[in-house]
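Now for the letters of each chain:
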Amino acid sequence: MHASTQPLKQSVRQQIETLDSERRGQEMLSLARDLYPICRSLTGPGNRETLARIQRDVPLDVHEVASGTPVFDWTVPPEWTVREAWIKNVQGQKVVDFADHNLHVVGYSQPVHTTLSREALEPHLHSIPESPDWIPYRTSYYQETWGFCLAHKIKAALPGGEYEVYIDAELKPGHLTYGELVLPGQRDETVLFSTHICHPSLANDNLSGIAVATQLIQLLAEVDRVYTYRFLFIPGTIGSITWLALHPEETKQIRHGLVLSCVGDAGQPHYKRSRAGDALIDRAVAQVFRQDAADAVVQDFSPYGYDERQYGSPGVNLPVGLFTRSPHGTFPEYHTSADNLDLLSGEALTDSLRLLLESVAIVEGNASYRNLYPMGEPQLGRRGLYASLGGANDRADNQLAMLWILNQSDGAHSLLDIAERSGYSFARIRHMADVLVEHALLEEVGAP
Ligand code: ZN
């Protein structure tokens, strides 16, 4: 070892094999803990504070797009700032207070200061009768109103009479703020990772996505990359529409993409395919699930969910799928105060991270080859190939994987095709293809 030499860049495979799950899990939980109390929305100071905290871990670029900017069929909204919000009873006691939990205020509430009856207050109060202890998460981005969210048991106990309502909020021309980080690769062709940053104190949706994306940046920064990687930390819907509208050239480079959301809970991994349904990223994630996550679920595309809807709109039509654990709307804590830090575990976050790295390893490592001795089988023993088959546990499988590669490598089949057809893991197929290339039996004909 020479102290002066730069550490060699790793491969994604080496990173997966040496992943320090305990440390990575703790780092992701620590980021989620720091971000949890911040009041985020489509726009506003909480989003800047969030991006500034992420910048302590990775060097995000922070961009601001002015309110009023036309973006496709939409317009960048006014910036929302909320400082204080409460409801007081006739005794002057605060019965609901934004200072206690930022879910108490409906996102994008108009400012208000008035006194009104319990009856007149009712339409402005949101609760969940079936989960009387939980505060719901509500927003009203595009309809001018105000409101409060509270536990149903508190709401049900509010007696008749007058209430003083105060929301010290501002909706005025400002900016939409988002974070972006590009890791250049050998090619300009890009893999997109997109995660939303617009939810206030909710953990799985989507501090988990932010934490996993941040960790993925740190890991991919250390590897030798074929593709360029672009990470977006954006408010949901309007953020992706804004980015797409303002970046047509960068959009054209996107070859594969994943939206990350709800990736820190104990549920099994889920993948929702891209609009195309058979894009390489769809096949890569499905392959990873087959080899590493037997209980994981692959679902077909649907035009509902997160920003994959925008990336998969017909005029944009990017191959971007949605990677989650429990899908949105399927876990009881979804969009309530019960989606708190207790729902996240370091193990689930790290498992999501590992599955994503495995998917990246396929995207990075997939290529097509030509068998240079296609007339009959080449004589393997003469070339010393049996010595490259590994230990007793792997020998038979490695030998059969090698035969699959030699048989299928006519230039038209990729290594992912071969992994799918043979049932072997992509990692095994990739490794044995490397062995065959070393022994001059195989020649790359280019990435598919
Ligand atoms: Zn959500």
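Predicted model, so just to flag it, every value in this text is computed and none were measured.

Rules and cut-offs
- Residues numbered from 1 in each chain as written.
- Predicted model: local features only at pLDDT ≥ 70, side-chain atom pairs only at ≥ 80, totals over all residues.
- Heavy atoms only, no water.
- Core = buried A, V, L, I, M, F, W, Y, C linked by side-chain atoms within 4.5 Å.
- Buried < 20%, exposed > 50% of the residue type's maximum accessible area, 1.4 Å probe, protein only.
- Contact = heavy atoms within 4.5 Å.
- Helix = DSSP H or I, 4+ residues; strand = E, 2+ residues; numbered from the N terminus.
- Polar contact = N/O pair within 3.5 Å; in protein donor to acceptor, adjacent residues only side chain to side chain.
- Donors = N, O, S within 2.8 Å, 3.2 Å for Na, K, Ca; no water.
- Domains from an automatic or database assignment.
- Buried area = accessible area lost by both parts, 1.4 Å probe.
- Salt bridge = Lys/Arg side-chain N within 4 Å of Asp/Glu carboxyl O.
- Nonpolar A, V, L, I, M, F, W, Y, C, P; charged D, E, K, R; others polar.
- Phe/Tyr/Trp six-rings, centres within 6.5 Å; stacked < 30°, edge-to-face > 60°.
- Pairing = 2+ DSSP bridges.
- Axes fitted to C-alpha atoms, helices over the stretch in contact; angles between N-to-C directions.

A. Summary view of the nonpolar core. One finds Phe 193, Leu 220, Tyr 229, Phe 231 and Phe 233 to be the most contacted residues of the largest nonpolar core, which totals 81 residues. Excluding residues within four positions of it along the chain, Phe 233 makes contact with Leu 51, Ile 54, Leu 60, Tyr 178, Gly 179, Thr 195, Ile 197, Ile 210, Ala 213, Thr 214 and Ile 217.

B. Molecular detail of the environment of Lys 9. Looking at the secondary structure, you find Lys 9 in the segment before α1 (12-17). Relative accessible area serves as the criterion here: at 49%, Lys 9 is assigned to the partly exposed category. For Lys 9 and Leu 51, which are 42 residues apart along the polypeptide, the C-alpha to C-alpha distance reads 28 Å. Dropping the residues within four chain positions of it, Lys 9 is found in contact with Ala 221, Glu 222, Val 223, Asp 224 and Arg 225. Of the polar contacts made by the side chain of Lys 9, one reaches the backbone oxygen of Ala 221; its length is 3.4 Å.

C. Inspection of the side chain of Ser 261 at higher detail. Tracing the sequence through the fold places Ser 261 in the loop between β13 (254-260) and β14 (270-272). The buried category is assigned to Ser 261, whose relative accessible area is 0%. In this structure the side chain of Ser 261 is engaged in a polar contact, spanning 3.4 Å, whose partner is the side chain of Tyr 306. Residues in contact with Ser 261, not counting those within four places in the same chain, are His 196, Asp 205, Asn 206, Ser 208, Tyr 306, Leu 322, Phe 323, Thr 324 and Arg 325.

D. A look at the coordination of the zinc ion. Summarising the metal site, the zinc ion is bound by the protein donors His 199 (NE2), Asp 205 (OD) and His 335 (NE2), whose distances to it range over 2.0 to 2.1 Å. Counting residues between consecutive donors of the zinc ion along the chain gives the motif H-x5-D-x129-H. Of this pair, Asp 205 sits in helix α6 (residues 203-220) while His 335 sits in the loop between β16 (320-324) and α11 (346-365), and the two are 130 residues apart along the sequence. Judged by its relative accessible area of 0%, Asp 205 falls in the buried class.

E. Spatial organisation of the domain arrangement of the protein chain. Each domain of the protein chain was delimited in the assignment, giving domain 1 (12-76 + 175-365), domain 2 (80-172) and domain 3 (368-446). The distance between the C-alpha centroids of domain 1 and domain 2 comes to 31 Å. At the junction of the two partners, domain 1 supplies 23 residues and domain 2 supplies 16 residues. Summing both partners gives a buried area of about 1500 Å² for domain 1 against domain 2, and 62% of it is carried by carbon and sulfur. For the pair domain 1 and domain 2, the interface holds zero salt bridges. In the side of domain 1 that touches domain 2, the residues fall into 13 nonpolar, nine polar and one charged.

F. Highlighting the packing of aromatic side chains. Applying the stated criterion across every chain, the model contains nine aromatic pairs. Ring centres of Trp 86 and Tyr 166 lie 5.2 Å apart, and the angle between their planes is 40°; this geometry places the pair in the tilted category. A residue pair is termed long-range when its members are at least 10 positions apart, and Trp 86 in strand β4 (residues 79-88) and Tyr 166 in strand β9 (residues 162-172) qualify at 80 residues. Residues Phe 289 and Phe 323 carry aromatic rings whose centres are separated by 6.1 Å and whose planes lie at 55° to one another, so their mutual orientation is tilted.

G. Spotlight on the pairing of β4. With seven of ten residues buried, β4 lies mostly within the body of the structure. Relative to β9, β4 runs antiparallel, the two being bridged by nine bridges. By the bridge assignment for β9, Val 82 is matched with Ala 169. Of the pairings in the sheet, the one linking β4 to strand β5 (residues 94-97) comprises three bridges and is antiparallel in character. What sits directly across from Lys 88, in β5, is Lys 94. Between β4 and β5, which pair antiparallel and follow one another directly, the connecting turn spans five residues, one of which, Gly 92, has a positive phi of 85°.

H. A look at the pattern of salt bridges. One pass over the full model with this rule turns up 29 salt bridges. Where Lys 272 meets Glu 308, a salt bridge forms, and the shortest distance between an N and an O atom there is 2.8 Å. Linking Lys 272 in strand β14 with Glu 308 in helix α10 (residues 308-311), this pair joins segments that are 36 residues apart in sequence. With a relative accessible area of 8%, Lys 272 lands in the buried category. Glu 308 sits in the buried class, given a relative accessible area of 0%. Among the ionic contacts, a cluster of salt bridges with common partners joins Asp 34, Arg 53, Arg 56 and Asp 57.

I. Structural detail: the sheet that holds β9. Read across the sheet, four strands follow the order β5-β4-β9-β6 without closing on themselves; strand pairing throughout is antiparallel. Both outer strands of the open sheet, β5 and β6 (112-117), are each paired with one neighbouring strand and no more. Between one strand and the next, the sheet's axes are offset by a mean angle of 20°, whatever the strand orientation.

J. The arrangement of unusual backbone geometry in detail. The omega torsion of the bond from Asp 205 to Asn 206 falls at 15°, within 30 degrees of zero and hence cis. Positive phi values are uncommon outside glycine, yet Tyr 108 reaches one of about 70°. Mapped onto the secondary structure, Tyr 108 falls in the loop between β5 and β6. On the basis of relative accessibility, which here comes to 2%, the residue Tyr 108 falls in the buried class. Residues other than glycine seldom take positive phi values, yet His 335 does so here, at roughly 55°.

K. Structural view of helix α7 (residues 238-246). Counted residue by residue, α7 has seven buried out of nine residues, so it is predominantly covered. Among the residues making up α7, those that are buried are Ile 238, Gly 239, Ser 240, Ile 241, Thr 242, Trp 243 and Leu 244.

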